[in-house]
Amino acid sequence: MEDKFEILQKYFGYSQFRGAQEALIDAQAAGRDAFGVMPTGGGKSLCYQIPALMLPGITLVISPLISLMRDQVLALKSAGISAAYINSSLTPEQLRLVFRNLRQGRYKIVYVAPERLLGEGFLALCQQMPISLVAVDEAHCISQWGQDFRPSYLKIPEFLEHLPRRPVVSAYTATATPAVRRDILQNLRLRNPLLMVTGFDRPNLRFEVRTPDSKRGELLTLLALRKGKSGIVYCSTRKDVEAVCAFLQSKRFAATRYHAGLPDEERQQNQEDFLYDRKTVMVATNAFGMGIDKSNVSFVIHYNMPQSMEAYYQEAGRAGRDGEKAECILLFGKKDILTGKFFIQKSYEESELPEEDRDLLRQRDLQRLYKMINYCETKQCLRQYILDYFGQPLPQPCGNCGRCTGLAVSRKPKGKDKQSPAIQKTGKMASKDITREAQMVLSCIRRIDSAMGHSSTATMTVQVLRGSKNRQLLESGLETVSTYGLMRGYSREEIREILTHLQSVGMVVSGKNEIVSLTPAASGVLFRGEPVIVTLDEAELERRFPQSGSVAADSKLLAALKELRTQLAKEAGVPAYVIFTNATLEDMAARQPKTMEQLLTVSGVGSAKAQRYGKRFLKVLEQFEKE
Ligand code: ADP
Ligand code: MG
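Computed from a predicted structure; not experimentally measured. (Residues numbered from 1 in each chain as written. Chains lettered and ligands numbered in written order. Predicted model: local features only at pLDDT ≥ 70, side-chain atom pairs only at ≥ 80, totals over all residues. Heavy atoms only, no water.)

### A word on the overall build of the protein
Heads up, the rule is: Labels follow the DSSP assignment, with helices taken as runs of H or I lasting at least four residues and strands as runs of E lasting at least two, numbered in each case from the N terminus. Atoms counted for the radius of gyration: C-alpha only. Globule rule: 2.2 Å times the number of residues to the power 0.38. Relative accessibility decides the category of a residue: with a 1.4 Å probe and only protein chains considered, values under 20% of the type maximum give buried, values over 50% give exposed, and everything between is partly exposed.
When helices and strands are counted, the protein shows 27 helices and 19 strands. Against the compact-globule benchmark of 25 Å for 627 residues, the protein has a radius of gyration of 26 Å, which places it among compact chains. Seen along its three principal axes, the alpha-carbon backbone of the protein occupies a region of about 85 × 65 × 50 Å. Residue burial in the protein is summarised as follows: out of 627 residues, 51% are buried.

### Observations regarding the site of ligand 1
Note the following rule: Definition of nearness: a residue and a molecule or strand are near each other if at least one heavy atom of the residue lies within 4 Å of the molecule or strand. Definition of a polar contact: a pair of N or O atoms within 3.5 Å, with one able to donate and the other able to accept a hydrogen when the atoms are protein atoms, and with sequence-neighbouring residues admitted only if both atoms are side-chain atoms. Methods summary: accessible areas were calculated by the Shrake-Rupley approach with a probe of 1.4 Å, and residue burial reflects only the protein chains presented. In the scheme used here, Gly and all other residues not listed as nonpolar or charged are polar, with Ala, Val, Leu, Ile, Met, Phe, Trp, Tyr, Cys and Pro taken as nonpolar and Asp, Glu, Lys and Arg as charged.
Around ligand 1 there are 15 residues in total, and Tyr14, Gln16, Gly41, Lys44 and Ser45 lie nearest to it. Arg18 is positioned such that a nitrogen or oxygen atom in its side chain is 3.1 Å from an oxygen atom of ligand 1. The side chain of Gln21 places a nitrogen or oxygen atom 2.9 Å from a nitrogen atom of ligand 1. Considered on its own, ligand 1 offers 570 Å² of accessible surface; in the complex 85% of this is hidden by protein. When residues of the shell around ligand 1 are assigned to their parent elements, the largest contribution, three residues, is made by helix α3 (residues 44–54). Class assignment of the residues belonging to the shell around ligand 1 gives a composition of four nonpolar, seven polar and four charged.

### Notes on the side chain of Arg544
For Arg544, the location among the structural elements is in helix α22 (residues 538–544). Reaching out from Arg544, the side chain makes a polar contact with the side chain of Glu497 at a distance of 2.7 Å.

### So, the domain arrangement of the protein
To keep it simple, the criterion reads: Domain ranges listed in this record stem from an automatic or a database domain assignment. Accessible area that two parts lose when put together, evaluated with a 1.4 Å probe and summed over both, is termed the buried area. Each salt bridge in this description consists of a side-chain nitrogen of Lys or Arg and a carboxyl oxygen of Asp or Glu lying within 4 Å of one another.
Under the domain assignment used here, the protein contains domain 1 (4–197), domain 2 (205–417), domain 3 (432–544) and domain 4 (555–626). Distance from the C-alpha centre of domain 2 to the C-alpha centre of domain 3: 33 Å. Counting each side, the surface lost to burial between domain 2 and domain 3 is near 620 Å², with a carbon and sulfur contribution of 55%. Viewed at the interface, domain 3 and domain 2 are joined by zero salt bridges. Considered class by class, the residues forming the side of domain 2 that touches domain 3 number three nonpolar, three polar and two charged.

### Observations regarding the pairing of strand β12 (residues 299–302)
Let me state the cut-off plainly: Any two strands between which DSSP finds at least two bridges are classified as paired. With the strands aimed away from the viewer, a crossover counts as right-handed if its path from the first strand over the helix to the second runs clockwise.
Burial along β12 is two-sided: the residues Phe299 and Ile301 and Val300 and His302 are all buried. In terms of strand pairing, strand β9 (residues 231–234) meets β12 through four bridges, oriented parallel. Bridge pairing links Gly231 to Phe299 in β12. Bridge analysis of β12 against strand β13 (residues 326–331) gives four bridges, and the strand direction is parallel. When the sheet's bridge partners are listed, Ile301 is paired in β13 with Ile329. Viewed along the sheet, the connection from β12 through helix α12 (residues 309–316) into β13 turns out right-handed.

### Points about the environment of Leu190
Worth spelling out the cut-off: Between two residues, a contact is recorded if the distance between any of their heavy atoms is within 4.5 Å.
Relative to the assigned elements, Leu190 resides in the loop between α8 (178–187) and β7 (194–197). With a relative accessible area of 11%, Leu190 lands in the buried category. Beyond its immediate chain neighbours, meaning those up to four positions away, Leu190 contacts Asp33, Ala34, Phe35, Arg166, Val169, Ala171, Ile184 and Leu185.

### Considerations on the nonpolar core
So the rule is basically this: Within this scheme, the nonpolar core is defined by two criteria: the residues are buried Ala, Val, Leu, Ile, Met, Phe, Trp, Tyr or Cys, and they are joined through side-chain atoms within 4.5 Å.
Core analysis: the biggest nonpolar cluster contains 113 residues, and Phe122, Phe207 and Tyr375 have the highest contact counts within it. Here this core takes seven residues from α3, the largest share from any one element. Taken domain by domain, the makeup of this core includes at least three residues from each of domain 1 (4–197) and domain 2 (205–417). The contacts of Tyr375, once residues within four sequence positions are left out, are Phe207, Val209, Met309, Tyr312, Leu330, Leu382, Tyr385, Ile386 and Arg403. In terms of nonpolar packing, the next biggest core, distinct from the first, is built from 33 residues, Tyr490, Val508, Val516 and Val532 among them.

See the structure below:
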């Protein structure tokens, strides 16, 4: 049996497993059923793809969505694994070919739509093939309590019974409510499965709820500050999608749209425009995104409140799948509550269920809605609220969400704001390294705290750093702390900007009366030398951090690597992330490997991809080195 670590490295280019991956893989490889509950982006695919490569014979993956299957198979093939899919998008000709290859044992992994399982040809073929593992992805589709119930999932046990030998069965979902979990266990008839529920926390996501007077105005501000970044704006109705998308286009944003009312062709086209980064903002209903593995989505804005926390977390979770910092912002208005109730009232109208059952279902939906409304109105840490809901409580406030940092309320400033004069944006993004300044500010907050035995205000921190002779300061004996006067060369406003930035990335929290204190997130910068890089519109960056050095060199290299990726993606006709994710390119830019061997140490570079693309990436790196 091939070693799981070797497979992880060779095909996927990763050196470590995440969370419960290893335990789930071990179980299946040893012949035991498994059940993994992990959030979107948690890495469920590897949990069945790796055992598929360890076990003899074939693995079937049951998956509900055509687009998801195609993407996963593309990604597997580009990693050097033989795979195929079977669903209604294939022509009879293509289907015959896949069947023939399958019969000849040419595939290791086959994705199949649930409706196909009991189809004559397929079942008969499976009865003759050595099927070692059946993995059920998006397994909540088997539950009537779930969000996306699919009756065809109920056919899975029947299919299994028709096989001469029962394979190992494993199931995966991001939906963690007890009722759904129970349904999956029962309906799939899992046998003593290893159950792992993990990883609901997504530390790289920052949550925020805003209650603006005008959602349009707020959206515009939010997007203007995130120009060039890729993001999704979710609306609850098709009408809103149309209106918001048209509005953004009229403001010259590269926006596109997606909802179930559009013709197939346009939907496909728009989705691709977004996946390939030709359009940066996708305005969509919740029809968009299930199973879409676009790794570089750096924000998800909800223009309307979703119907449940499950729906919200799943949609918001599409941000930051590359592990980079990303934002999930919900725009809440009282009207959302009415809309939510209206939807629930209307739902099940066409269902054939008896009235009693319908009432029961409505009651349950209403409970879910109330939990969602509470999220929008709570004063509590948002991350704690979410993790509580999913049964993975977080002992302490995260120090990073909109509630913890208190930056959530955003009202337009009344009158002119002296400290931030309107600046002409250039529309070009640039980066600066403010690590040194950040270290000074953070360490000053820490010193003051230990000198006085409690945290102090932002104003006091700035005064200490500038070596002020303020009486209160001198009386507290603060001129003796080691950071006193450390930033004499900086203006009050400059230090404030750095502090504001540290707040916005969650290293500092500001409490009552502007009292500032450090969060655990600060320790990386303070004690482990982690860098602090700000990326902003060039002009704004210059205004806010005039004294910090720019990091143009690295971002130039990164841009060059991305350009090559775009080109390779075009040549191969696949989405860019199938070549390498952003996280991989960033690691590559940081390590700057010179040989094939060094290239293989970059996270996300396995041997198939190294062989296929390595030379060309090394060439770009070499060229950069020369310059
Ligand atoms: P899910 O199906 O749970 O939503 P995916 O299986 O699509 O998540 O994985 C999300 C991302 O995480 C993918 O880009 C994948 O390559 C990456 N990933 C998964 N496991 C690891 C790992 N052990 N190390 C690094 N990246 C990983
Ligand atoms: Mg998945």
